[in-house]
Amino acid sequence: MSIKYWEFEDAPFKNKVKNPNIREIAKIFFDNETEAYRFALLLTEVKKRGKMHLKEAPKEIPIATSKRYLDKAVEFGLLKHEQGAFELTNRYTRPLNNIASYISEWMKSDKEEDIETEFATARREKQGRRGGRKGSDEDKDGPGGIFMPSE
């Protein structure tokens, strides 16, 4: 997900909200142009129809691909899937406000946190080598011959 926060701050947001388009929404969820296009095409079809069954999806996108993207939209909270039809819903706005409030409260709190117990199952050791030459000068000096002291 690529939310560029500065685009949604007050001043830029006021300009953007005057002319909202599906491209901005799709680019939040997908960096890839093709994926964003498919997602946007399906969302606009649902918007036009009000409710859309999977068999009514645009013919240029295969049914399995349409199902995958529509399910993603349900997961993101933009659509709901009831009685075999997809339709627009707004489950996204309130949780996003709550996330912003939660982050803000975390920033204000003075509570000490023990990261080691919070992430008890996380791997903490340095990752091992994944290949490359063994015994070369790059091992001692690091990439590009820059000296890197061993730990």
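Here the structure is a predicted model, which is why all the values come from computation and not from measurement.

**Student:** A description of the sheet that holds strand E2 (residues 79–82) should follow, citing residues and the corresponding values.
**Tutor:** Read from one edge of the open sheet, three strands run E1-E3-E2, paired in antiparallel fashion. Bordering the open sheet on either side are strand E1 (51–53) and E2, each of which pairs with just one other strand. Averaged over all pairs of adjacent strands, the angle between strand axes in this sheet comes to 30 degrees, irrespective of strand direction. As judged from the three bridges shared by E1 and strand E3 (residues 85–88), these two strands associate in the antiparallel manner. The partner of Lys51 across the bridge, within E3, is Glu87. Along the sheet face, helix H3 (residues 33–49) touches E1, E2 and E3 and points at about 120 degrees away from the line of E1. Against the sheet, helix H4 (residues 63–76) makes contact with E1, E2 and E3, and its axis sits at roughly 110 degrees relative to E2, the strand it touches most.

**Student:** Which residues make up the pairing of E3, and what values do they have?
**Tutor:** As paired elements, E2 and E3 share four bridges and run antiparallel to each other. Paired with Lys80 across the strands is Glu87, a residue of E3. Adjacent in sequence and paired antiparallel, E2 and E3 are bridged by two residues, among which Gln83 carries a positive phi angle near 55 degrees.

Reading the values: rules and limits
- Numbering of residues begins from 1 in every chain and follows the order in which that chain's sequence is written.
- Local features in this predicted model are restricted to residues whose pLDDT is 70 or higher, and side-chain atom pairs enter the listing and the counts only when it is 80 or higher, whereas totals over whole chains, interfaces and linings include all residues.
- Here the side-chain values reflect all heavy atoms present in the structure, with hydrogen atoms and water set aside.
- Only when DSSP finds a minimum of two bridges between them are two strands counted as paired.
- Under the DSSP-based scheme used, a helix requires at least four consecutive residues in state H or I and a strand at least two consecutive residues in state E, with every element numbered from the N terminus.
- Note on geometry: axes are lines fitted to C-alpha atoms, helical ones only across the stretch in contact, with angles between N-to-C directions running from 0 to 180 degrees.
- Note on definitions: a residue-residue contact is assigned when non-hydrogen atoms from the two residues lie within 4.5 Å.

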